[in-house]
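# Breakdown of the fold
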Amino acid sequence: MLILKKISITFCLLVAVFCLLPSISQAHKVRIFAYAEGNTIVGETAFSGGRAAKDSLIIVQDAASAKPLLTCRTDDHGQFRFQIPEEARKGQLNLRIIINTGEGHRGEWLLEAAEYLGDGEGESVSTRDQKSVAEVALASMTTKPSTTDEELIRRVVEEAMDKKLSPIKRMLAESQNKGPSLQDILGGIGYILGLAGIIAYIKSNPKG
Amino acid sequence: MNEKYFPPQIIRIEISQHKVVYMHISEGILSVPILISGGALTAAGTAIGLKKLDYDRIMGVAILAATFFVASLIHVPLGPGSVHLVLNGLLGVVLGWASFPAILTALLLQAIFFQYGGIVVLGVNTFNMAVPALLCFYLVRPWLARPKFRPLAGFVGGFLSVFLSSLLMALALALSDSGFLATAKIVVAAHLPVMIIEGFITMFTVSFLARVKPEILQLESRS
């Protein structure tokens, strides 16, 4: 009976530990990631369970000086977008994008200048008029080609690539966010038990 | 890698989520003499630990090594960031010298699977966590035998080992770099909640073991 009691106590403890594990390690996490799409920066936020962080405050700071550049709020899908501030573009600032959901959940994402600036020269043109780029390019394609047209086409392609690649960027960002997986944990425990087996084998007395 | 709240060399930052203050020193920070001496001391400690390891206790050591291995995944929220459990006090109190091989194994696997710490700094990291464990073993042992002092002894073991580990970590960083006091303050302050939590965990675990399976603690055999 005593043994039965011991086993049940141990079992209860184990269950308690396993129930606590994910909740402890994942609490207080809100994920945020952002990437450049042409002249705007697009971002998504979610809690660790996958729930969108609706109507939460987004603060954009200069990463070096922590000077706030702008704020905005997320929409119903936890997404946000804002124009790249002129100040950031000029100073080539790395942007720290912070989400604060107001209940002690806070996440941040560092968007480096190189990521949203692209190659400097073409970008300074694109700031002037981003939306009409495609139209202008199409129009100019019917006329005779020149170097500026090439420039435009390049930008159109880049813009399209940005759009197509953004989900992939997002996937990469998400995969970077992952902590140790269950396989890692169980694998580690397995290794430890296996090593103990080897040591036990070495230490065992073959004669009996 | 996004943050510079704490001195950047100590802290591994979990990308974009929140800061986690690890008890593990990362690669490429410590100077070569520290790495070598840490490695040598750990090798010696592990040799002693393995030699003292009785055949009957191997599985117990393995279970505690596995506990230590998993404990670092349990994050304790602290302000904007968090710190993780260490549990070296529990290992020390229960295992004694066998904490060395147990912690070495667990840290090696953490380095491989979770990228905590690293292979080159394995010696120093093991030393930092196993030596306080061992000290607590010798300090707390005499009290453990007496049921009245057992909870207090458990708490002290859990608390002190994390505290000493933080100090050793700061010392290792200071010997390679500079400013022991500043680093020590940050590391110790960050781990204060962990010390208290681990004090209680060790206290309850030791009391529980003493009641349910006293032979694990070897209270009778070791006078």
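Within each chain, residues carry numbers counting from 1 in the order of the written sequence. The order in which chains are written sets their letters, starting at A; the order in which ligands are written sets their numbers, starting at 1. It should be noted that, the model being predicted, local features are given only for residues of pLDDT at least 70 and side-chain atom pairs only at 80 or more, the latter also being counted only at that level, while totals for whole chains, interfaces and linings use all residues. Side-chain numbers here rest on the full set of heavy atoms in the structure, without hydrogens or water.

Secondary structure elements follow DSSP: runs of H or I of four or more residues count as helices, runs of E of two or more count as strands, with numbering from the N terminus. Tallying secondary structure elements over chain B gives 8 helices and 3 strands in all. To sort residues, take the accessible area from a 1.4 Å probe on protein chains only and compare it with the maximum for the residue type: under 20% means buried, over 50% means exposed, and anything in between is partly exposed. For chain B, with 223 residues in total, the buried portion stands at 57%. Residues count as neighbours in contact if any of their non-hydrogen atoms are within 4.5 Å of one another. Of the contacts formed within chain B by residues at least 6 apart in sequence, a portion of 73% connects residues at least 24 apart. For the area figures, the Shrake-Rupley method with a 1.4 Å probe applies, and any residue is considered shielded solely by the protein chains shown. Accessible surface for chain B amounts to roughly 9000 Å². Of this, 72% is attributable to carbon and sulfur atoms.

Bringing the overall build of chain A into the picture now. Of the regular secondary structure elements, chain A holds 7 helices and 7 strands. Going residue by residue from the N terminus, the α and β elements of chain A occur as α-β-β-β-β-β-α-β-β-α-α-α-α-α. A buried classification covers 35% of the 208 residues belonging to chain A. Residue pairs in contact within chain A that sit at least 24 positions apart in sequence constitute 53% of those at least 6 positions apart.

This paragraph deals with the packing of aromatic side chains. Residues and elements named next belong to chain B. When the centres of two rings from Phe, Tyr and Trp lie within 6.5 Å, Trp using its six-membered ring, the rings pair. Their planes under 30 degrees apart give stacked, over 60 give edge-to-face, and anything left gives tilted. Tallying each qualifying case throughout the model produces 7 aromatic pairs over all chains. Each ring, one from Phe137 and one from Tyr138, has its centre 5.1 Å from the other, and the planes form 75°; the classification is edge-to-face. Residue class for Tyr138 comes out partly exposed when judged on its relative accessible area of 47%. Arranged with centres 6.5 Å apart and planes meeting at 45°, the rings of Trp143 and Phe149 form a pair that is tilted. Trp143 sits in the partly exposed class, given a relative accessible area of 32%. Site record: aromatic cluster; members linked through ring pairs are Phe155, Phe159 and Phe200.

So, on to helix H3 (residues 88-95) of chain B. Residue and element names in this part refer to chain B. Burial of H3 is extensive: 8 of the 8 residues sit out of reach of the surface. Within H3 the residues assigned to the buried category are Asn88, Gly89, Leu90, Leu91, Gly92, Val93, Val94 and Leu95. Residues of H3 that are buried make contact with helix H2 (58-71), helix H4 (99-113), helix H5 (122-144), helix H6 (150-176), helix H7 (180-212) and helix H8 (214-217). Just downstream of H3, Gly96 is the residue with a positive phi angle, here 70°.

Now for the side chain of B:Glu198. Residue and element names in this part refer to chain B. Within the secondary structure, Glu198 is located in helix H7. For the buried Glu198, no salt bridge is present, and the opposite-charge side chain at shortest range is Arg141, 16 Å distant. Pairs of N or O atoms are called polar contacts if they sit within 3.5 Å, as long as, within protein, a hydrogen donor faces a hydrogen acceptor (for residues adjacent in sequence, only side-chain-to-side-chain pairs). Within the structure, Glu198 has its side chain in polar contact with the backbone nitrogen of Leu87 (distance 2.8 Å). Residues contacting Glu198, with those up to four places away along its chain left out, are Leu85, Val86, Leu87, Asn88, Gly158 and Val162. The charge count treats Lys and Arg as positive and Asp and Glu as negative. His and the chain ends do not count. Counted as salt bridges are all cases of a side-chain nitrogen of Lys or Arg within 4 Å of a carboxyl oxygen of Asp or Glu.

Axes are the key here: two packed helices are described by the angle between their axes and the distance separating the axes. Packing of helix H7 (residues 182-203) of chain A against H4(B) brings their axes to within 10 Å, and their N-to-C directions diverge by 145°. The crossing of H7(A) and H4(B) is right-handed. Of H4(B), the residues touching H7(A) (which contributes A:Asp184, A:Gly187, A:Gly188, A:Tyr191, A:Ile192 and A:Leu195) are B:Thr105, B:Leu109 and B:Phe113. Here an axis means a line fitted to C-alpha atoms, over the contact stretch when the element is a helix, while the angle between two N-to-C directions is reported on a 0 to 180 degree scale. The sense of a crossing depends on the near helix, which, turned anticlockwise from the far helix by less than a right angle, makes the crossing left-handed and, turned clockwise, makes it right-handed.

A few words now on unusual backbone geometry. Even without being glycine, A:Gln92 reaches a positive phi, approximately 50°. In this structure, A:Gln92 sits in the loop between helix H2 (86-91) and strand E6 (95-100). Classification of A:Gln92 by relative accessible area gives exposed; the value is 53%. Here B:Leu87, not a glycine, exhibits a phi torsion of approximately 65°, which is positive. Turning to its location among the elements, B:Leu87 is positioned in the loop between strand E3 (81-84) and H3. The exposure class of B:Leu87 is buried, given its relative accessible area of 6%.

Attention shifts here to the nonpolar core. Most often, soluble globular proteins have nonpolar side chains that are buried together. To form a nonpolar core, buried Ala, Val, Leu, Ile, Met, Phe, Trp, Tyr and Cys residues must be joined to one another through side-chain atoms within 4.5 Å. Of all hydrophobic cores here, the largest spans 67 residues; its most connected members are B:Leu30, B:Phe68, B:Phe69, B:Leu95 and B:Ile103. Contributions of two or more residues to this core are made by H7 of chain A together with helix H1 (32-52), H2, H3, H4, H5, H6 and H7 of chain B. For this core, the element with the highest residue contribution is H2(B), accounting for 10 residues. Formed by 24 residues, the second largest nonpolar core is a distinct cluster that contains A:Cys72, A:Ile97, A:Leu111 and A:Leu117.

Once that is clear, we can look at the packing of H6(B) against H7(B). Residue and element names in this part refer to chain B. Direction vectors running N to C along H6 and H7 enclose 155°, while the axes themselves pass 6 Å from each other. Classed by the angle they form, the pair H6 and H7 counts as roughly antiparallel. The way H6 lies across H7 gives a crossing that is right-handed. Ten residue types, Ala, Val, Leu, Ile, Met, Phe, Trp, Tyr, Cys and Pro, are classed as nonpolar, four, Asp, Glu, Lys and Arg, as charged, and the remainder, Gly among them, as polar. Residue composition of the contact of H6 with H7, by class: 22 nonpolar, 8 polar and 2 charged. Any angle that falls under 35 degrees is termed roughly parallel, while one over 145 is termed roughly antiparallel, one within 65 to 115 roughly perpendicular, and all others oblique.

Moving on: the confidence of the model for chain B. Per-residue confidence from the predictor is given as pLDDT, running between 0 and 100. Averaged over all residues, the pLDDT of chain B is 81; the fraction at 70 or higher stands at 84%. Model confidence for the complex: the whole-complex pTM is 0.61, and ipTM, which rates the interface, is 0.74.

Residues and elements named next belong to chain A. Applying the stated rule across the entire model yields 3 salt bridges over all chains. Residues Lys67 and Glu87 are paired through a salt bridge, measuring 2.4 Å at the closest nitrogen-oxygen approach. In this pair, Lys67 is assigned in the loop between strand E3 (57-62) and strand E4 (68-73) and Glu87 in helix H2, connecting sequence segments 20 residues apart. For Lys67, a relative accessible area of 41% puts it in the partly exposed group. A salt bridge links Arg154 to Glu151; the nearest nitrogen and oxygen atoms lie 3.3 Å apart. Here the residue Arg154 and the residue Glu151 both occupy positions in helix H6 (residues 147-177), the gap between them amounting to 3 residues, near one helical turn.

When you line up the elements, A:Thr40 lands in strand E2 (residues 40-47). Once residues lying within four places of it in the same chain are set aside, the contact partners of A:Thr40 are A:Tyr35, A:Arg81, A:Phe82, A:Gln83 and A:Ile84.

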